[in-house]
Amino acid sequence: MSFKDRLSDPRLRRAAKWTAIGSATAVVCGAAIVGIAAALMSRQLPDVSTLQNYQPKLPLRVFTADGDLIGEFGEERRQLVPIDRIPKVLKDAVLATEDARFYQHGGLDTIGLTRAVISNALHGGVRQGASTITQQVARNMFLSSERTFTRKLKEALLAWRLEDELTKDQILEIYLNQIYLGNRAYGFAAAAQTYFGKPLQDITVAEAAMLAGLPKAPSSNNPIANPRRAVARQQYVINRMVETGYLSEADAAKARQEPLKLRDAGDPSQLHADYVAEMVRQQMVAKYGDDTYTKGFKVYTTVARNDQSSAYDGLHEAIVDYEQRQPYRGPEGFVELPADGTDVDTAVDDALSDKPDSGGMMAAVVLEASPRKLVAVRANGDSVEITGRGLQAVQRGLVEKAAEPLRIRRGSIVRIARSGPQNSWEVTQLPEVEGAFVAMDPRDGAIKALVGGFDFNKNKFNHATQAWRQPGSSFKPFIYSAALEKGFTPATIVNDAPLSFDAAATGGAPWEPKNYDNSYAGPITLRQALEQSKNVVTIRVLDAITPAYAQEWITHFGFAADKHPAYLTMGLGAGSVTPLQMATAYSVFANGGLKVEPRLIARITDARDQVLEDTPPKPADEAGRVIPARNAFVIDTLLNSVVKNGTGRRAYTTLRRDDLYGKTGTTNDSHDAWFAGFQPTRVGVAWIGYDTPRQLGVRGETGGSLALPAWTRYMQGALKGVPVAKLDVPPGVTNASGEWMYDEYANGQGVQSLGVEAALTPITPVEVNSSAPTTGPAPSWGNQPVIPVLPAQPGQPAAPAQQDERNRILNMFR
């Protein structure tokens, strides 16, 4: 039967008619059902007008005083960037990839939907999506990601509403700031920082294409998780930009060839200030609670980029140099590597997944090893060949007969780092020793740099503020400061000779204090004693002024009396301090006797840069005076001598400045190494030691060899371009025969000698250039009267009280 005959058949005509009616009815009913469902759903949909004032969850962001981002805290890393500040190249890349007809459709792209349906039907499966940017905003802001008809219908309804309520630019702005892009980065501005370490405004075409490829599969397509897949997606985006007319073929060719430069934890330009950021976070949580993590607070600190970078580099170099002097402890682990290349990549990824880079030291798996050459591969797939001096530190692990725990072979997990003037690779090991550095401006208390340890990710304990350690000889200047108020001068002669004390004097067992090198110089001046850090001299002085007086005196500098028991051992720094506390105390000397409180936060703003709190610098004034200006001045001259002629001389020979002041510190058994010092605009304190105190090394590992290099390296950067400053001479001091002392002691008064027989060591009155009175009431400071310990002058008997005091001291030390 022909087709014409079939049409003339009444039965077939009736069947076709009812089929058409049925189909039409089904369509109408379906549409009615969908319409009814849509009407019912519309009543339950959220109010999209709330997005008129889009307020996403924004993290706490912490900045240096220069505006460099140093920390971000919140569930979501995000920066809110207005649409007019988002670079055109990124908007073009996103539109080309996600929604080329965004500015033409009304929320649902019927042309794009039809194209996707045909493509999926032809190729089988879901190869193209059809969700517009408006639909994605609706889903991200109001719905879940479940794949159901109900969710899709709600998404469509919300998309229509969004198009009615908001402009296209408003919708695109929300999308670009809200979308998740992997590695806790929300929005493209945060992703630019996360993956490339740069502001969104500075990205290239290739980087924009890389970022635009992330929304499809942010967890698996990002360049950190899977560089190969990320590059393939990037190339797709570049091609789409050409197809849609957003990019010329010539520019596309350049973008395709641009190498991928991801943010590198070992990048020397990266500012390491994690401990500072964590201190700010704790203060903000204490003040604002949980809002800290969602309201977009911006905190600007007093920390300066140059100072922080110099402090980190100085401490890092000092610790690495020390570690290179320690024996190699062997690889961190081992993984069996298969022969097949693809399987090797997988094995390396698994082996290094829990071995993050630390302090510029990168984890790598050894592919081949011999005493002359080592080849290793990093987590990012880069292969590194190391020879010559780069293997020097681990030679004992490369020899054929190396013990198993030390042996480096194929599959060993080692650390590699760049070093030296050539920035060449070397095999190294993670340090076990820790350290801290604090720098502050003594004039207003602003903390300019703070490093709480070798690597925050390895050890979050902040040694700068939380580590209570013995300060060793770096504490001696505070004892000398107390002694000045008791009549001592830098010219006082003290016998540097062996001593012994019973348990009552020390608060413990009987004690025979010794100098660090077990050598004794005999009678020397206080200035010489501090230059050479003579322990015995400090103990004689402390015993003369009494530990109780010294304990009260040090509280003027901010030290807690209960942390420094009033025993003779206090003179050698047997109490407990933190590096930040030491920096605050040394600022008193740097500031002419004025004390300032450390200050870290300068300004707090909200997400829209409205100032919430502003703490301008408050210069120190007489209200903060804790010791006499002349006391600080004389101590400063002593500390300057330590740098120029004593244990701190390395700083002077390196920096060649006359305005440097400081003191080394090494505790008993070399458990702690310190250098505390200043230039009138900067106080710096460096500490190095093990978390569980143990000896830093055999003879030679001291504050001068360990901590002083870190301090010097910091000052090199911090004082660049800063003019040399001269100390102002305060009232009440006189220079007598080249030595500074209080006016009232310039005519031979005060303590002329200690522990030296007057008959064996005649005292010649010093020549003075001041007409200061030598009589009158004894000066005082604080709550303690000053009672000078005066020796008898030749031909002149001492007063009975002074003679008794002198005899008591001499009898003890004979």
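Residues numbered from 1 in each chain as written. Predicted model: local features only at pLDDT ≥ 70, side-chain atom pairs only at ≥ 80, totals over all residues. Heavy atoms only, no water.

Enquirer: Can you break down the pattern of salt bridges residue by residue, with the values?
Expert: As enumerated under the stated definition, the model contains 37 salt bridges in all. Linking Arg599 and Asp444 is a salt bridge whose minimum nitrogen-to-oxygen distance equals 4.0 Å. Of this pair, Arg599 sits in the loop between α21 (579–590) and β16 (601–605) while Asp444 sits in the loop between β12 (434–440) and β13 (447–451); the two residues are 155 residues apart in sequence, bridging distant segments of the chain. Among the residues examined, Arg599 registers a relative accessible area of 13% and is labelled buried. Here the residues in one salt-bridge network are Asp307, Asp441, Arg443 and Arg682, joined through shared partners. (Salt bridge = Lys/Arg side-chain N within 4 Å of Asp/Glu carboxyl O. Helix = DSSP H or I, 4+ residues; strand = E, 2+ residues; numbered from the N terminus. Buried < 20%, exposed > 50% of the residue type's maximum accessible area, 1.4 Å probe, protein only.)

Enquirer: Pulling in residues and values, what's your account of the nonpolar core?
Expert: In terms of nonpolar packing, the biggest core is built from 87 residues, with Phe478, Phe488, Phe557, Phe559, Tyr586 and Phe589 touching the most fellow members. Sorting elements by how many residues they give to this core places α21 first, with eight residues. Beyond its immediate chain neighbours, meaning those up to four positions away, Phe559 contacts Phe475, Phe478, Ile554, His564, Val577, Gln581, Met582 and Ala585. In this structure, Ala96, Ile171, Ala192 and Ala255 belong to the second largest nonpolar core, which totals 52 residues. (Core = buried A, V, L, I, M, F, W, Y, C linked by side-chain atoms within 4.5 Å. Contact = heavy atoms within 4.5 Å.)

Enquirer: Describe in detail the confidence of the model for the protein chain, supporting the description with residues and values.
Expert: Per-residue confidence for the protein chain averages 85 on the pLDDT scale, and 83% of its residues sit at or above 70. Of the regions scoring below 50 in pLDDT, residues 30–34 engages in one contact with residues more than four places distant in sequence or in other chains. For residues 758–803, every residue scores under 50 in pLDDT, and the model assigns this stretch 73 contacts once sequence neighbours within four places are set aside. (pLDDT = per-residue confidence, 0-100.)

Enquirer: Outline empty space enclosed by the protein, supporting the account with residue identities and numerical values.
Expert: Left-over empty space is what a probe sized like a water molecule reveals as it rolls over the atoms. One pass over the full model with this rule turns up two cavities of 30 Å³ or more. Roughly 30 Å³ of internal volume is contained in the second largest cavity. Lining the second largest cavity are Tyr312, Leu315, His316, Ile319, Val451, Gly453 and Phe454. Top element by residues in the lining of the second largest cavity is helix α13 (residues 305–324). It accounts for four residues. Taken together, the residues that form the lining of the second largest cavity break down as five nonpolar, two polar and no charged. (1 Å grid on protein atoms, 1.4 Å probe; cavity = no way out; pocket = protein on both sides within 12 Å on 5 of 7 lines; lining within 4 Å. Points joined across faces, edges and corners; volume = space filled by probe spheres on them. Nonpolar A, V, L, I, M, F, W, Y, C, P; charged D, E, K, R; others polar.)

Enquirer: Describe the sheet that holds β12, and please don't skip the residues or the numbers.
Expert: Note: strands within a sheet are paired through backbone hydrogen bonds, in either parallel or antiparallel orientation. Pairing within the open sheet is antiparallel, and its five strands lie in the order β13-β12-β20-β19-β18. One side of each edge strand has no neighbouring strand; the edge strands of this open sheet are β13 and β18 (661–666). The average angle at which neighbouring strand axes cross in this sheet is 5°, direction not considered. One ladder, built from eight bridges, connects strand β19 (residues 672–679) with strand β20 (residues 682–689); its direction is antiparallel. Looking at β20, one finds that Phe675 is bridged to Ala686. Sitting on the sheet, α13 is in contact with β12, β13 and β20, with an inclination near 30° to β13. In the packing of α21 onto the sheet, the strands contacted are β12, β13, β18, β19 and β20, and the crossing angle to β20 comes to about 145°. (Pairing = 2+ DSSP bridges. Axes fitted to C-alpha atoms, helices over the stretch in contact; angles between N-to-C directions.)

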